[in-house]
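What follows is the residue order along each chain.
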Amino acid sequence: MLPKPALKYVNTLKSKAVMFKNILVFILFSISTCFATTSGSLQYAYWNPLGNQLFDESMILSSLNSAESSVTILLDQTEPISFILHNSDDEDIKVQSISVINSRKADNIDYDFRVVKNWYMGSRISVSVTKQGLQNPKLTPELLLKNDNLIFVDIKTEKSYVQIMESGVESYQDISSPTALMPNGAVLNDTSDLQSFIIKAQNGKQIWLNVKTNLLTAPKQYNLQIKIDYTSGKHKHVLLVPLIFEVLPIVLSDGRLNHSIYYSGQLRSANRLLSTPKTEAQYIAELKDLKSHGVLYPTQYLSADNESTVGKYIQIRNQLGFPCDKMYFFGGFGDAHLRPLSKLESNIQILKHIAVTNTNCKNSQIYLYGIDEAGGTQLVAESQDWKTVTASGAYIFASSFKGDLSENKMLSNLQTLVYLPLNSAMVQDKIEMRKLGKDVYLYGQPQTGIANPFIYRKNYGYYLIKNDYTGAMPFAYQFGFPEHQHKGDLSDGLCFSSKTGYCSIWNNFDDSIYYDHMFTYPTTNGVIDTVQWEGYAAAITDTRYYYTLVDLMKTRCTLNDARCNFDPMSLIDVEDPAGTRQRIIDKIKLLISKN
């Protein structure tokens, strides 16, 4: 052991070394940031990500660098926040990175940044997906990308191109011309992390942030900052954007409504960018995406599938945590219109056995799909089929546009009506179904494919509660034309005759009748979300907020409690889902307060 004077000398040297190291770190930090200023040509403006107004990148914004009121989030919830980065300079700038600073890992919050990509679509204003004026493309904010360069937009020609890899060579593929085919071997993927991107002079870029809490998230007020590192010319700059939100100590309820969707993905070996054939990697990625957005009961198409493949679907869904109490099948083993009827009975027993074998559910409800949108004599012809399905211990779900279910005495063997209120006869069908205690799911209001999150949030959220629906089943998660229908093909038959390429659902301009029904777009190993898909997810979250309040009232309200002297239904304004959400939040805060 060293003598005390020597030991004291050594400790002094250590102390000075630490002090020198700290000074050196400070100097190096100062050098690295001396050219990165918080002033510059980039400014921000908060934007309603779920509003009715879409952001145009050339839009002039009046309230730049404005303060944002706090957002409220519950435990186990995803909440979107958005802001515009506006370049007020006369030259382009490059955003290098975006991150949340002064956040703690212990808070258990995930922050997911994406760029909202403007590209050419047939229309961005029509609620109808059909006949959207494909000859008049509209520059539309729709895709949520990590890599802004995945899509190249040519303003002069009004065309979009997607970045692909083919035989190890990277190129941009035309996706705006009717005869432009996707090469058979094309690989198309987004990146896993946000990449640097350019904001043109006097233009803006919309940034989308999903804030995800979980059951371990610390409930408190968060006052954070989003750091934007960017370069203008040779100079580095930093822009700080306030990020303010509050997390309440309440878990978001599972809700009561069944938000489903027509999902057509089926396992196939070919790796294509289509809506139905999927590799296992694509299928799993899309199911994870469905579940994370609140869709727990997507349909499963079974056309041309054998028992082994059907078992694989159910096994994968079970492993991913999907509920197994209800299963909605379409085509193949799930076809409700079969002859002889003994074949129908046999298929039902096969599906029941597969469900029991591959899940923990002993009595899964097996749903078979009736003839799509049948009416009149076609509907009546299904009567015996539906009776056989019911007698075999399974259920029928069917869509109807004719309003003649009651008239033809078909309701007794129909468990779930997928329905659109087009006329008084259809309204009567819905009323009768609800009197019988059966499910009615909203459908086609609108179909998917309109790049407007507000429409989907408004029509598939509080609207369902206010109008006595038990769920929703819009069409579809992905459904491309002319992949499934040949009559509107604009490719001169190349979609079906070419040996080197095919009509990918990334091309929205290859059908004269229908615009592709898209909530998301497939990649080679995953999926790309859209603003309208986030609108549908927000609608689901809205209903869960409503039932969170209902559940709280059951446990927190006592007799003559003044806090509970209201009807939760009275808080709903279908035309104002954001305002409705806030009124529900205010009531939740009141009920969980100590006073």
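Along every chain, residues carry numbers that run from 1 in the direction the sequence is written. Two thresholds apply to this predicted model, a pLDDT of at least 70 for residue-level local features and 80 or more for giving and counting side-chain atom pairs, whereas whole-chain, interface and lining totals are computed over all residues. Each side-chain value is worked out from all heavy atoms of the structure, with water and hydrogens disregarded.

Draft legend 1. Molecular detail of the overall build of the protein chain. Helix and strand definitions follow DSSP, with helices as H or I runs of at least four residues and strands as E runs of at least two, each counted in order from the N terminus. Across its full length, the protein chain holds 12 helices and 31 strands. Across the protein chain, the fraction of contacts at a sequence separation of at least 24, relative to all contacts at a separation of at least 6, is 72%. Of the roughly 26300 Å² that the protein chain leaves accessible, carbon and sulfur atoms contribute 53%. Whether two residues touch is decided by their heavy atoms; if any such pair falls within 4.5 Å, the residues are in contact. Surface exposure here means Shrake-Rupley accessible area, sampled with a 1.4 Å probe, where a residue is shielded only by the protein chains that are shown.

Draft legend 2. Highlighting the sheet that holds strand β10 (residues 169-174). Pairing is antiparallel across the open sheet formed by three strands, whose spatial order is β8-β9-β10. With partners counted over all chains shown, the strands left at the sheet margins are β8 (151-154) and β10, one partner each. Across the sheet, the mean angle from the axis of one strand to that of its neighbour is 30°, orientation sign disregarded. Bridge count for β8 against strand β9 (residues 159-166) is four bridges, and the pairing is antiparallel. Residue pairing across strands places aspartate 154 opposite lysine 159, the latter belonging to β9. We call two strands paired when DSSP finds no fewer than two bridges between them. To get an axis, a line is fitted to the C-alpha atoms, and for a helix only the part in contact is used. The angle between two axes follows their N-to-C directions and goes from 0 to 180 degrees.

Draft legend 3. Spatial organisation of the sheet that holds strand β13 (residues 204-213). Within the open sheet, the five strands sit side by side as β2-β4-β13-β6-β7. Their pairing is antiparallel. Of all the strands in the sheet, just β2 (42-47) and β7 (138-145) have a single pairing partner and so form its edges. Taken over all neighbouring pairs, the strand axes of this sheet differ in orientation by 30° on average, direction set aside. Strand direction decides the pairing type here: strand β6 (residues 109-121) and β13, joined by seven bridges, are antiparallel. From the neighbouring strand, phenylalanine 113 faces β13, where its bridge partner is leucine 209. Across the sheet, helix α11 (residues 531-556) lies against β6, β7 and β13, angled at about 65° from β7, the strand it touches most.

Draft legend 4. The pattern of salt bridges, seen in detail. One speaks of a salt bridge when a side-chain nitrogen belonging to Lys or Arg is within 4 Å of a carboxyl oxygen belonging to Asp or Glu. Tallying each qualifying case throughout the model produces 25 salt bridges. A salt bridge links aspartate 551 to arginine 256, with the shortest nitrogen-to-oxygen separation between them at 2.3 Å. Highlighted residues: aspartate 551 in helix α11 and arginine 256 in the loop between β15 (235-251) and β16 (258-261), separated in sequence by 295 residues. Residue aspartate 551 is classed as partly exposed on the basis of its relative accessible area of 25%. One salt bridge in this structure joins lysine 326 and aspartate 439, with 3.5 Å as the shortest N-O distance. Separated by 113 residues along the polypeptide, lysine 326 in strand β21 (residues 326-330) and aspartate 439 in strand β25 (residues 439-442) bring together distant segments of the chain. Each of Glu57, Lys117, Asp148 and Lys205 takes part in salt bridges that share partners, so that together they form one network. Residue exposure (1.4 Å probe, protein chains only): buried if accessible area is under 20% of the type maximum, exposed if over 50%, otherwise partly exposed.

Draft legend 5. The arrangement of the nonpolar core in detail. Throughout this description, the term nonpolar core refers to a set of buried Ala, Val, Leu, Ile, Met, Phe, Trp, Tyr and Cys residues connected via side-chain atoms within 4.5 Å. Grouped together as the largest cluster of nonpolar side chains are 83 residues, with contacts concentrated most on Leu414 and Tyr536. Setting aside chain neighbours within four positions, we find leucine 414 in contact with Trp386, Ile396, Phe397, Ala398, Leu405, Met433 and Lys438.

Draft legend 6. Looking closely at the packing of aromatic side chains. Stacked, tilted and edge-to-face are the three classes applied to pairs of Phe, Tyr and Trp rings, where Trp contributes its six-membered ring and a pair requires centres within 6.5 Å; stacked means planes under 30 degrees apart, edge-to-face means over 60, and tilted covers the rest. This structure, assessed with the given rule, holds 35 aromatic pairs. Geometrically, the ring pair formed by tyrosine 263 and tyrosine 283 is tilted, given 6.1 Å between the ring centres and 45° between the ring planes. Of the two residues, tyrosine 263 sits in the loop between β16 and β17 (266-267) while tyrosine 283 sits in helix α2 (residues 280-292), which places them 20 residues apart along the sequence. The residues tyrosine 263 and tyrosine 283 share a single accessibility class, namely buried. Between the NZ or CZ atom of arginine 272 and the centre of the ring of tyrosine 502, over which it lies, the distance is 4.4 Å. Consider the ring centre and the ring normal. A charge sits over the ring if Lys NZ or Arg CZ is within 6 Å of that centre and within 35 degrees of that normal.

Draft legend 7. Region of interest: the state of the cysteines. When two cysteine sulfur atoms lie within 2.5 Å, the pair is treated as a disulfide. Under the defined criterion, the tally for this structure stands at three disulfides. At a sulfur-sulfur separation of 1.8 Å, the disulfide partner of cysteine 324 is cysteine 361. Measuring the twist about the S-S bond at about 80°, one finds the cysteine 324-cysteine 361 disulfide to be right-handed. Taken together, the positions of cysteine 324 in the loop between α3 (307-319) and β21 and cysteine 361 in the loop between α4 (341-358) and β22 (365-369) put the pair 37 residues apart, joining distant regions of the chain. Two residues share a disulfide in this structure: cysteine 495 and cysteine 503, whose sulfurs sit 1.7 Å from each other. In this structure, the disulfide formed by cysteine 495 and cysteine 503 twists by about -75° around the S-S bond and is classed as left-handed. You can call cysteine 503 buried: its relative accessible area is 8%.

Draft legend 8. The arrangement of the environment of leucine 344 in detail. You can see leucine 344 is positioned in helix α4. The exposure class assigned to leucine 344 is buried, which follows from its relative accessible area of 0%. Not counting residues within four places of it along the chain, the set of residues in contact with leucine 344 comprises Asp335, Ala336, Leu338, Leu368, Asp385, Thr388 and Val389.

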